[in-house]
Amino acid sequence: MINILGNSGRILEMKQVIDQMKEDSCECKDSVFVGAIRTFASAGMVNEALNLFYIIPQFNCVNFTESFNTILGIVLKESNFKAAYQLFSDNCWKLEVKSRVRSLNLLMEGLCRFKNSDLALNIFQEMDFQGCYPDRESYRILMKGLCDDGRLDEAIHLLYSMFWRISQKGSGEDIVIYRILLDALCDDGKVEEALEILGKVLRKGLKAPKSCRLRLDLSQCRDREDSELAIGYLKKMSKQVGFWRRC
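Residues numbered from 1 in each chain as written. Predicted model: local features only at pLDDT ≥ 70, side-chain atom pairs only at ≥ 80, totals over all residues. Heavy atoms only, no water.

An unreviewed UniProt entry lists the chain under the name Pentatricopeptide repeat-containing protein, with Hibiscus syriacus as the source organism. In its Sequence similarities (unreviewed entry) section, the UniProt record describing the chain reads: "Belongs to the PPR family. P subfamily." (UniProt positions renumbered as here; feature names shortened; annotations may be inferred.)

So this is what it looks like as structure tokens:
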């Protein structure tokens, strides 16, 4: 009922139903609040969305992880980092929040969006101490942020740290992350470094599709004096191993 009212724009009636459910001590699922929070936010009623989130425990909801991530993303979209950090600090350790990886990813993404990849890197480095581990989305967000800010040395270090953590079974699923770094290095004219990294990625386990298993000769690119030709050749090789395909 709440989602139906929200989707039809009947926000006042939706709010009345929520109030009635609270009075009746109804037990509600997390998904109900996610929809209502998004409806309030879409209508420009961010404070109403926040107020709803803070009273979720009154509905006997034992897991509101998705509601937490939803409201955190909304506050970050408003560029209110102070409020977002306070929201995270107040709720991340609650038993009803079952995972903090997504919320930490949201914080990093918000910081990177406004060219604060150094602060995002600090959050990333603290994830172990938070009792959680970066996933592929964590690496993708931070890799893009570092590359966009021109922090290529730190981006390369991030890549190497990823090799032993999440690429032990092969690099195929990390194509997007490697591509971000290769693009940034090529755009910066660092073809030699891009070639070296591509070689390491290939040795780590990235396999070419059966339809285009061509032998890659990286030395062809090292001898070129024209950097533009070298970059073009590098990207051509990347296409051959499926690097440039959509994931």
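Caption draft 1: Inspection of helix 11 (residues 175–187) at higher detail. A rise of 1.5 Å per residue sets the reference length of helix 11, with its 13 residues, at 18 Å; its end C-alpha atoms lie 18 Å apart and thus fit the reference within 8%. Listed in full, the buried residues belonging to helix 11 are Ile175, Ile177, Tyr178, Ile180, Leu181, Leu182, Ala184, Leu185 and Cys186. Within two residues after helix 11, glycine 189 carries a phi angle of roughly 80 degrees, on the positive side. (Helix = DSSP H or I, 4+ residues; strand = E, 2+ residues; numbered from the N terminus. Expected span 1.5 Å × (residues − 1). Buried < 20%, exposed > 50% of the residue type's maximum accessible area, 1.4 Å probe, protein only.)

Caption draft 2: Broad picture of the packing of helix 5 (residues 65–77) against helix 7 (residues 101–113). Remark: helix 5 packs on helix 7, axes separated minimally by 10 Å, with the N-to-C direction vectors making an angle of 10 degrees. Between helix 5 and helix 7, the interaxial angle falls into the category roughly parallel. Contact residues: Phe68, Asn69, Leu72, Gly73, Leu76 and Lys77 in helix 5; Arg102, Ser103, Leu106, Leu107 and Arg113 in helix 7. Residues that form the contact of helix 5 with helix 7 fall into these classes: 5 nonpolar, 3 polar and 3 charged. (Axes fitted to C-alpha atoms, helices over the stretch in contact; angles between N-to-C directions. Parallel < 35°, antiparallel > 145°, perpendicular 65-115°, else oblique. Contact = heavy atoms within 4.5 Å. Nonpolar A, V, L, I, M, F, W, Y, C, P; charged D, E, K, R; others polar.)

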